[in-house]
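# Summary of the model geometry
Here are the chains, one letter per residue:
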Amino acid sequence: MNFITWTSTGMKMYLGDEIVISLTYDELSIYLVILGVCAGLIIGLIYSYSTRIAAHRLTKALISGGHNTPETAVTLSQLGVKSKFKLRRMLKSGRVIRRVVLCANVAEMQDPTPTRLKKFWFTKFLGQELPQKTDFKVAQFYIPEENRISAEVRYSREGMSPAALVITVVVIIAVAIGAMLVVPELLTMTENVFGSSK
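Residues numbered from 1 in each chain as written. Predicted model: local features only at pLDDT ≥ 70, side-chain atom pairs only at ≥ 80, totals over all residues. Heavy atoms only, no water.

## Considering the overall build of the protein
Going by this rule: Counting from the N terminus, the helices are the DSSP runs of H or I reaching at least four residues and the strands are the DSSP runs of E reaching at least two. When accessible area is computed with a 1.4 Å probe and restricted to protein chains, residues below 20% of their type maximum are described as buried, those above 50% as exposed, and intermediate ones as partly exposed. Note on contacts: a residue pair qualifies if any of its non-hydrogen atoms lie within 4.5 Å across the two residues. Reported accessibility uses the Shrake-Rupley method at a 1.4 Å probe radius. Residues are deemed covered only where the shown protein chains occlude them.
Scanning the protein from terminus to terminus reveals 6 helices and 5 strands. Counting helices and strands in the order they occur from the N terminus, the protein gives β-β-β-α-α-α-β-α-β-α-α. When each of the 198 residues of the protein is scored for burial, the buried share is 30%. Of the contacts made within the protein by residues no fewer than 6 positions apart, 63% connect residues no fewer than 24 positions apart. When the accessible area of the protein is evaluated, it comes to approximately 13,600 Å², of which 62% is carbon and sulfur surface.

## Notes on a positive patch on the surface
Our working rule: Patches draw on residues past 30% relative accessible area with no salt bridge. Two like charges within 9 Å are joined, as are two nonpolar side chains (Val, Leu, Ile, Met, Phe, Trp, Tyr) within 5 Å. The term salt bridge refers to a pairing of a side-chain nitrogen on Lys or Arg with a carboxyl oxygen on Asp or Glu at a separation within 4 Å. Here Asp and Glu are counted as negative and Lys and Arg as positive; His is not counted, and neither are the chain ends. Where a charge lies is defined by one atom per residue type: Lys uses NZ, Arg uses CZ, Asp uses CG and Glu uses CD.
Positive charge collects at one region of the surface, where Arg-89, Lys-92, Arg-95 and Lys-118 lie side by side. Within the secondary structure, Lys-92 sits in the loop between helix 3 (84–90) and strand 4 (102–103).

## So, the packing of helix 1 (residues 25–64) against helix 5 (residues 145–154)
We count it as follows: Lines fitted to the C-alpha atoms define the axes, with helices restricted to the stretch that makes contact. Angles between their N-to-C directions range from 0 to 180 degrees. Each angle gets one of four labels, with under 35 degrees taken as roughly parallel, over 145 as roughly antiparallel, 65 to 115 as roughly perpendicular, and the rest as oblique. Should the near helix be turned counterclockwise from the far one by less than a right angle, the crossing is left-handed, whereas a clockwise turn marks it as right-handed. Each residue is assigned to one class: nonpolar for Ala, Val, Leu, Ile, Met, Phe, Trp, Tyr, Cys and Pro, charged for Asp, Glu, Lys and Arg, and polar for all the others, Gly among them.
Remark: helix 1 packs on helix 5, axes separated minimally by 9 Å, with the N-to-C direction vectors making an angle of 150 degrees. Our classification of the angle between helix 1 and helix 5 gives roughly antiparallel. Of the two possible hands of crossing, helix 1 and helix 5 adopt the one that is left-handed. Contacts between helix 1 and helix 5 involve Arg-52, Thr-59 and Ile-63 on the former and, on the latter, Arg-148, Ala-151, Glu-152 and Arg-154. Here the residues of the contact of helix 1 with helix 5 are counted per class, giving 2 nonpolar, 1 polar and 4 charged.

## A short note on the nonpolar core
Note the cut-off: Nonpolar core, defined: a set of buried Ala, Val, Leu, Ile, Met, Phe, Trp, Tyr and Cys residues in which side-chain atoms within 4.5 Å join the residues together.
Leu-58, Leu-76, Leu-87, Leu-91, Ile-97, Val-101 and Phe-141 are the most contacted members of the largest nonpolar core, which totals 22 residues. Elements supplying a minimum of two residues to this core: helix 1, helix 2 (76–79) and helix 3. If near-sequence neighbours (up to four positions away) are discounted, Leu-76 is found in contact with Leu-58, Val-81, Lys-84, Leu-87, Arg-88, Leu-91, Phe-136, Ala-139 and Phe-141.

## Notes on helix 1
Each full turn of the α-helix corresponds to 3.6 residues, which orients residues three or four apart in the same direction. Inclusion rule: To estimate how far a helix should reach, multiply one less than its number of residues by 1.5 Å.
Under the 1.5 Å per step criterion, the end-to-end length of helix 1 is 58 Å for 40 residues, consistent within 8% with the ideal 58 Å. In the segment just after helix 1, Gly-66 is the residue with positive phi, at about 75 degrees.

## A short note on the side chain of Thr-51
Relative to the elements of secondary structure, Thr-51 occurs in helix 1. Setting aside chain neighbours within four positions, we find Thr-51 in contact with Lys-86 and Met-90.

## Thoughts on the environment of Asp-26
Along the chain, the position of Asp-26 falls in helix 1. Under the relative-accessibility criterion, Asp-26 is labelled exposed at 58%. A sequence separation of 16 residues divides Asp-26 from Gly-10, and the C-alpha atoms of the two residues are 8.2 Å apart.

## Quick word on the pattern of salt bridges
Pairing is possible between side chains that carry opposite charge, provided their charged atoms lie close to one another. Summed over the entire model, instances satisfying the criterion amount to 2 salt bridges. The salt bridge partner of Glu-145 is Arg-148, with a shortest N-O separation of 2.8 Å. With Glu-145 and Arg-148 both in helix 5 and 3 residues apart, this pair spans about one turn of that helix. Judged by relative accessible area, which is 44%, Glu-145 ranks as partly exposed. With relative accessibility at 28%, the residue Arg-148 sits in the partly exposed group. Among the ionic pairs, Arg-148 bridges to Glu-152, the shortest N-O distance being 3.3 Å.

## With respect to the side chain of His-67
Inclusion rule: Within 3.5 Å is the distance limit for a polar contact, defined as a pair of N or O atoms, with the added protein rule that one can donate a hydrogen and the other accept it, and that residues adjacent in sequence qualify only through two side-chain atoms.
Locating His-67 in the fold gives a position in the loop between helix 1 and helix 2. A distance of 2.7 Å separates a polar side-chain atom of His-67 from the backbone oxygen of Thr-72. The contact partners of His-67, leaving out residues within four places of it in the chain, are Ala-61, Leu-62, Thr-72, Val-74, Leu-79, Phe-141, Tyr-142 and Ile-143.

Structure (structure tokens):
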């Protein structure tokens, strides 16, 4: 016998000859939505946490290394920080962290050939100049002294600890499981109430 079978009314899951789970298509749709929201929250939370750690390591390395002028600016390779892929995404022109972390040789970067949509988005819709392409092999970064305090506060290690991250993920999973148990029952009760009133 198949472990999972699909019928005209829904899905049935078997353990041997016994039906363990039986779901209608409506219930299955609700479960998939709840699981999707739960997965999205967890992925976003983990990404936000890891990005904050990467930003903290970058700003700490620049500040502790005394890279506070264009003359003392360094590339990511020279800085020796981890998570270079994540940092490249963070340090692209126009990103928030570039307000405190400056590029010393930005004039050397070649302007990209923009598409019409990109040109419209930046120049017409946002009212900004087109961002310059950042070549991370030669791009040299520094944090000027006037931005140091802002960088230390904004990208400090304080905030969510690894333990708090794990607890938050567990809570999200628990809430999702609770929703999967409660929501279908609430919908059934609602259908019964409105169905009986007709």
